[in-house]
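Each chain, written out:
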Amino acid sequence: MATRNFSMKRKAPSQKIVFSFAFVLMALYTLLILFFFVYGFLISVKGSQLDVNDDIVSKTLFSLPKHFSLKNYVTCFVDWEKYTNFSYLTMVWNSCWRTFASAFLSWFSTALVCYILVHYKSKFTEFLYFVGLLVAMLPLYGGQGATYRLYKNLNLMNNPMINICSITLYGAYFFYMYAFWKSISHSYIEAASIDGAGDYQTLFRVMLPQVLPSITALFIMQFITAWNDYESTAVYMPEFPNLSYGIYVLSERSIYIGIIPMYFAGVMLALLPVLTLFLIFQNSIMEKVYLGGLKG
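Residues numbered from 1 in each chain as written. Predicted model: local features only at pLDDT ≥ 70, side-chain atom pairs only at ≥ 80, totals over all residues. Heavy atoms only, no water.

S.K.: Got a sec to walk through the overall build of the protein chain? Specific residues and values, please.
M.R.: A count of helices and strands for the protein chain gives 12 helices and 0 strands. Its helices and strands taken in sequence order, the protein chain reads α-α-α-α-α-α-α-α-α-α-α-α from the N to the C terminus. Relative to its full complement of 296 residues, the protein chain shows a buried share of 34%. A separation of at least 24 residues holds for 74% of the contacts in the protein chain among residues at least 6 apart in sequence. (Helix = DSSP H or I, 4+ residues; strand = E, 2+ residues; numbered from the N terminus. Buried < 20%, exposed > 50% of the residue type's maximum accessible area, 1.4 Å probe, protein only. Contact = heavy atoms within 4.5 Å.)

S.K.: Describe the packing of aromatic side chains, listing the residues and the values that go with them.
M.R.: According to the stated counting rule, one finds 27 aromatic pairs in the structure shown. Between Phe104 and Phe108, the aromatic rings sit 5.5 Å apart at their centres with planes inclined by 5°, giving stacked as the arrangement. Residue Phe104 and its partner Phe108 are located together in helix α4 (residues 88-119), separated by 4 residues, close to a single helical turn. Assessed through its relative accessible area of 23%, Phe108 is described here as partly exposed. Centre to centre, the rings of Tyr129 and Tyr178 are 4.4 Å apart; their planes meet at 25°, and the pair counts as stacked. Note that Tyr129 is positioned in helix α5 (residues 123-137) and Tyr178 in helix α7 (residues 174-182), a separation of 49 residues in sequence. Each member of the pair, Tyr129 as well as Tyr178, is classed as buried. (Phe/Tyr/Trp six-rings, centres within 6.5 Å; stacked < 30°, edge-to-face > 60°.)

S.K.: Can you lay out the environment of Ser166 for me, pointing to particular residues and giving the numbers?
M.R.: Along the chain, the position of Ser166 falls in the loop between α6 (144-153) and α7. In this structure the C-alpha to C-alpha distance between Ser166 and Thr110, which are 56 residues apart in sequence, comes to 9.9 Å. The contacts of Ser166, once residues within four sequence positions are left out, are Ser102, Leu105, Ser106 and Ser109.

S.K.: Describe in detail the confidence of the model for the protein chain, supporting the description with residues and values.
M.R.: Overall, the prediction assigns the protein chain a mean pLDDT of 80, with 84% of residues at 70 or greater. The weakest mean pLDDT in the protein chain belongs to helix α2 (residues 49-58) at 68; the strongest belongs to α4 at 89. Residue range residues 1-9 is modelled with pLDDT below 50. Its contacts to residues more than four positions away, or to other chains, number 0 contacts. Scored below 50 in pLDDT, residues 290-296 makes 7 contacts in the model with residues more than four places away or belonging to other chains. (pLDDT = per-residue confidence, 0-100.)

S.K.: So what's going on with the side chain of Asn163? Which residues, and what values?
M.R.: Here Asn163 is to be found in the loop between α6 and α7. Overall, Asn163 belongs to the buried group, its relative accessible area being 10%. Look past the residues within four positions of Asn163 in its chain and what remains in contact with it is Trp97, Arg98, Ala101, Ser102 and Leu105.

S.K.: Give me the lowdown on α5, citing residues and values where you can.
M.R.: Between the first and last C-alpha of α5 there are 21 Å, a value that for 15 residues agrees with the 21 Å anticipated at 1.5 Å per step. Among all positions in α5, only Thr125, Leu128, Tyr129 and Gly132 are buried. End-on view of α5: buried residues confined to an arc of 100°, all on one side of the axis. Pointing more than 90 degrees away from the buried face of α5 are the exposed residues Lys123, Phe124, Phe127, Phe130 and Met137. (Expected span 1.5 Å × (residues − 1). Arc of directions from axis to C-beta.)

S.K.: A description of the packing of α7 against helix α9 (residues 199-227) should follow, citing residues and the corresponding values.
M.R.: Two numbers describe how α7 lies on α9: the axes approach to 10 Å, and their chain directions differ by 135°. Our classification of the angle between α7 and α9 gives oblique. Between α7 and α9 the crossing geometry is right-handed. Touching Tyr176, Met177, Phe180 and Trp181 of α7 are Leu203, Met207, Leu208, Val211, Ser214, Ile215 and Leu218, all from α9. Considered class by class, the residues forming the contact of α7 with α9 number 10 nonpolar, 1 polar and no charged. (Axes fitted to C-alpha atoms, helices over the stretch in contact; angles between N-to-C directions. Parallel < 35°, antiparallel > 145°, perpendicular 65-115°, else oblique. Left-handed = near helix turned anticlockwise from the far one by under 90°. Nonpolar A, V, L, I, M, F, W, Y, C, P; charged D, E, K, R; others polar.)

Here is the structure:
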């Protein structure tokens, strides 16, 4: 016992060095991320494009606004349609319903698939799980062309029904959800069956309430990912642009038409919903995802 305690004490300084180095590294990374937030905000409150032009001419990366103004945030709501053909509020609405629909369908379908794979063991479900492992390990490239052709043949281009395609067998965070369901004892299903509950009653009234707080953290992460997705809009849904796509379009034009401050104001407004969502649920996300990974 004395030898063991001596060994632990001898390792303590090295552990302190490692943790101190990790802390400094993460602190520097955090400061880097905060710098971009502050940088974008300072540009968004510059009084006019002339202030930005002065920075470009003087090759100044970081400068305080000469005339602090919030008018660029108001301009986003008024003049955004001139540059993207869609109003800011329209894109916010498209972001809300499209993000929620795609995130929920992907999240819920994956949760149901994992529930079946965990609690309804058979050779077929084991085969499906190993296929999931194979899909996760093998990189799949070059499928977007075939996906585009399929959606076009099914008349899903610029069609809200395209969200049905978010229902997948191996969706986002498949293995995390598998681990969450695995942490719930199968004895609950047996007890519910003895009490006369059917499969659906057992799932929605017994099992799902127990795992819902954990998998909700994954839904929030999926929601944030879908909110920032502009590529699928550009390819499949250009007539229903979300906010991230509108900002992408504006970024291509902001330099040439002199609206850089307004562009950064739009970026700040687009970040606000998901940033607020993350700040509210950050503890839940980190705790639940970490525990789910351990239990898997």
